[in-house]
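Close look at the chain arrangement
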Number of protein chains: 2
Amino acid sequence: MDEKANDKEQLRRASQLSRSSVERLYSYYLLAKRAREQGDTHINSRQLASFLQIGDTQVRKDLAAINLVGQPKKGYEIGATIEALSNTMGLDEVHRAVLCGVGKLGQALLQYSRFGEFGFKVSGAFDVSPDIIGQDIAGTRVLHVDHLAKVIEIFSVEIGILTVNVWAAQELCNKMVECGIKAIWNFAPIHLQAPKGVLIRNEDFAGSLAVISHYLKDPAEQ
Amino acid sequence: MDEKANDKEQLRRASQLSRSSVERLYSYYLLAKRAREQGDTHINSRQLASFLQIGDTQVRKDLAAINLVGQPKKGYEIGATIEALSNTMGLDEVHRAVLCGVGKLGQALLQYSRFGEFGFKVSGAFDVSPDIIGQDIAGTRVLHVDHLAKVIEIFSVEIGILTVNVWAAQELCNKMVECGIKAIWNFAPIHLQAPKGVLIRNEDFAGSLAVISHYLKDPAEQ
DNA sequence: TAGATTGTTAATCGATTAACAATC
DNA sequence: TAGATTGTTAATCGATTAACAATC
């Protein structure tokens, strides 16, 4: 178990593609696509860097990590760049998702347009409130959470989206993990416990508000 | 200008309260409040650490940075802890906000319950679509973006929330900064350019999806 | 007292940046 | 060629973690 984890870690290091690098990939992708639409054939690290407000060295490192090779004086060929980025992010693969907690945020996410771009298909939305169960939100039927396990099983769902109350999140996370979910996108302000193989991605709104509020209280301390 | 920035930087370092630390504050706050409700009088670093899945050393460093002193064998007195956390996050202060882009996500955020907790009051929501202008969402009137500057001025708005299209975000950011906005909570997948004194907080959904999608493509590389 | 817990210094780690040679 | 840009190594930086003395 530990050995396997070490192997993985070594692979990740060898590939030089850190978590932070992966987070930047979509921004590169977006800008490259826009440049292509404008008729450009190449894009350079300085352009990409200024778009993300980072150093150009970092961009070159990121692109090198996904095996892109640029040309001095020209930059990176746009077609190959877009393809490598799309490929690394796995945009061409289809992944099924379920969403738990169909409140306002959950409903907004069900309509989130970028899911399609990433090949994410929402196979079901779940709640416990009779007010929402049975409704169709953006084409997704809202079901009672009792049906969660069945849906995950039937559709081979890999992604769980959690837009529930803080204190319900861990329990649902456990259930999802039990059913074989591979990655959880969590909007509750809690750090979920899950086994090593399950990716937990936290979207911590409250943390953001804390940073903003703290900054406004005393800008000098930032 | 540079000297001032250096002073600020020194202050921040002196206070030992890093950006990451501030992000953790609300989680501490949440757990401490729950513990108090359960009748506890003290909370220790190990409890807080396991809730956030970090080391207890880090918790003690964070709490030391906001001048909290614990007692050996007991931990931190809950009342004082909650107060210090609340104080550092500035939960008792009122800040006004405007939201631009009243799509599904914008509407969800207008109903976001935690704004109240942080003392954030949404003074106005803005869009350009005639379909939504004039409506009331969660008690907030949706206005044409032409009125943005006026509202910011009249209500001394400090916070701008951007839930607009990627390519519209920078322009609106500029306008907000011009009008004196101090902090921007940005949901567009772009890194906004703004002067030093303006805090930009990015909520990068696309980056999260990229991380999840990349992980599913090849878990071994994580 | 013994043991649990804090508080702090030093070490580690990973990510970013600087420097600069290589290339077209 | 000269100059722009890539690619890579080494240095820096900030955040996390380990180690351990201090305290009740």
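Residues numbered from 1 in each chain as written. Chains lettered and ligands numbered in written order. Predicted model: local features only at pLDDT ≥ 70, side-chain atom pairs only at ≥ 80, totals over all residues. Heavy atoms only, no water.

Quick look at the overall build of chain A
Selection rule: A run of H or I in DSSP becomes a helix once it reaches four residues, and a run of E becomes a strand once it reaches two; helices and strands are each numbered from the N terminus. We call a residue buried when its accessible area falls under 20% of the maximum for its residue type, exposed when it is over 50%, and partly exposed in between, using a 1.4 Å probe and counting protein chains only. Every residue pair with non-hydrogen atoms within 4.5 Å of one another is taken to be in contact.
When you go through chain A residue by residue, the secondary structure sums to 10 helices and nine strands. Seen along its three principal axes, the alpha-carbon backbone of chain A occupies a region of about 60 × 50 × 45 Å. Here chain A holds 222 residues, and 50% of them are scored as buried. Taking as baseline every contact in chain A between residues at least 6 positions apart, the subset at least 24 positions apart corresponds to 57%.

Brief notes about the protein's contact with DNA strand D
Let me state the cut-off plainly: We call a residue near a molecule or strand as soon as one heavy atom of that residue lies within 4 Å of the molecule or strand. Pairing of N or O atoms within 3.5 Å defines a polar contact, subject to two protein rules: one partner must be a possible hydrogen donor and the other a possible acceptor, and residues neighboring in sequence count only if both atoms are side-chain atoms. Ten residues, namely Ala, Val, Leu, Ile, Met, Phe, Trp, Tyr, Cys and Pro, are considered nonpolar, four, namely Asp, Glu, Lys and Arg, are considered charged, and the remaining ones, Gly among them, are considered polar.
As a structural note, the neighbourhood of DNA strand D is formed by 24 residues, with Ser45(A), Arg60(A), Gly70(A), Lys73(A) and Tyr76(A) the closest of them. Considering the 4 Å shell around the protein, atoms of DNA strand D inside it are sugar or phosphate in 57% of instances. Within the backbone of Lys73(A), a nitrogen or oxygen atom sits 3.3 Å from a sugar or linking oxygen of DNA strand D. Between a sugar or linking oxygen of DNA strand D and a side-chain N or O atom of Gln58(B), the distance comes to 2.7 Å. For the surface near DNA strand D, the elements supplying multiple residues, two or more each, are α4 (56-65) of chain A together with α1 (2-15), α2 (19-37) and α4 (56-65) of chain B. Here the surface near DNA strand D is composed, by residue class, of four nonpolar, 11 polar and nine charged.

Observations regarding the pairing of strand β4 (residues 120-127) of chain A
All names here are of chain A. Keep this limit in mind: Two strands form a pair only when DSSP identifies at least two bridges running between them.
Where burial is concerned, most of β4 is hidden: six out of the eight residues are buried. As paired elements, strand β3 (residues 95-100) and β4 share six bridges and run parallel to each other. Residue pairing for β4: histidine 95 is matched across the bridge by phenylalanine 120. As defined by bridge partners, β4 adjoins strand β6 (residues 140-144) across three bridges and the pair is classed as parallel. By the bridge assignment, phenylalanine 126 is partnered in β6 with leucine 143.

A word on the relation of the copies chain B and chain A
Which entries qualify depends on this criterion: Least squares is the method for superposing the copies, and the C-alpha atoms it fits come from residues with pLDDT of at least 70 in both.
Expressed as a screw transformation, the operator carrying chain B onto chain A has a rotation angle of 180° and an axial translation of 0.0 Å, and the superposed copies differ by an RMSD of 0.0 Å. On the angle and the small slide along the axis, the relation comes out as a two-fold axis. Considering only C-alpha atoms, the residue of chain B closest to the rotation axis is Ala108(B), which sits at 3.0 Å. A high fraction, 99%, of the interface residues of chain B reappear at the interface in chain A, so the copies pair face to face through one surface.

Quick word on the domain arrangement of chain A
Residues and elements named next belong to chain A. Using the following cut-off: Start and end positions for the domains come from either an automated domain assignment or a database one. Once two parts are put together, the accessible area they lose, assessed with a 1.4 Å probe and summed over both, is termed the buried area. When a carboxyl oxygen of Asp or Glu lies within 4 Å of a side-chain nitrogen of Lys or Arg, that pair is called a salt bridge.
As assigned here, chain A comprises domain 1 (3-87) and domain 2 (95-207). Here domain 1 and domain 2 have C-alpha centroids that lie 30 Å from each other. With five residues of domain 1 at the contact, the number on the domain 2 side is five residues. Between domain 1 and domain 2, roughly 450 Å² of surface is buried when both sides are summed, and carbon and sulfur atoms account for 45% of that area. Close ionic contact of arginine 201 with glutamate 23 constitutes a salt bridge, the shortest N to O distance being 2.9 Å. At the surface where domain 1 touches domain 2, the tally comes to three residue pairs in polar contact (both at pLDDT 80 or more). Of the residues in the side of domain 1 that touches domain 2, the class split is two nonpolar, no polar and three charged.

Quick look at the nonpolar core
Heads up, the condition is: We call a set of buried Ala, Val, Leu, Ile, Met, Phe, Trp, Tyr and Cys residues a nonpolar core when their side-chain atoms join them within 4.5 Å.
Leu162(A), Trp185(A) and Trp185(B) are the most contacted members of the largest nonpolar core, which has 154 residues in total. Not counting chain neighbours up to four residues away, the residues in contact with Trp185(A) comprise Leu109(A), Tyr112(A), Phe115(A), Gly160(A), Ile161(A), Leu162(A), Arg201(A), Glu203(A), Phe205(B), Ser208(B), Leu209(B) and Ile212(B).

Observations concerning the interface of chain B and chain A
At the interface, 71 residues of chain B touch 70 residues of chain A. Put simply, chain B and chain A have two salt bridges between them. Counting across the interface, chain B meets chain A through 15 residue pairs in polar contact (both at pLDDT 80 or more). Among the elements that make up the side of chain B that touches chain A, the one with the highest residue count is helix α10 (residues 205-217) of chain B (13 residues). Split into classes, the residues belonging to the side of chain B that touches chain A amount to 37 nonpolar, 17 polar and 17 charged.

Thoughts on unusual backbone geometry
Even without being glycine, Gln53(A) reaches a positive phi, approximately 55°. With respect to the element layout, Gln53(A) can be found in the loop between α3 (45-52) and α4. Although it is not a glycine, Ser156(B) sits at a positive phi angle of roughly 50°. Relative to the helices and strands, Ser156(B) is located in the loop between α8 (148-155) and β7 (159-162). On the accessibility criterion, Ser156(B) (53% relative accessible area) is exposed.

Examining the protein's contact with DNA strand C
What surrounds DNA strand C is a group of 23 residues, the closest being Ser45(B), Arg60(B), Gly70(B), Lys73(B) and Tyr76(B). A share of 59% is what sugar and phosphate atoms reach among the atoms of DNA strand C within 4 Å of the protein. With respect to DNA strand C, the side chain of Ser45(B) contributes an N or O atom lying 2.5 Å from a phosphate oxygen. Between Arg60(B) and DNA strand C, the recorded distance is 2.7 Å, taken from a side-chain N or O atom to a base nitrogen. Residue assignment for the surface near DNA strand C shows that the elements contributing at least two residues are α1 (2-15), α2 (19-37) and α4 of chain A together with α4 of chain B. Considered class by class, the residues forming the surface near DNA strand C number four nonpolar, 11 polar and eight charged.

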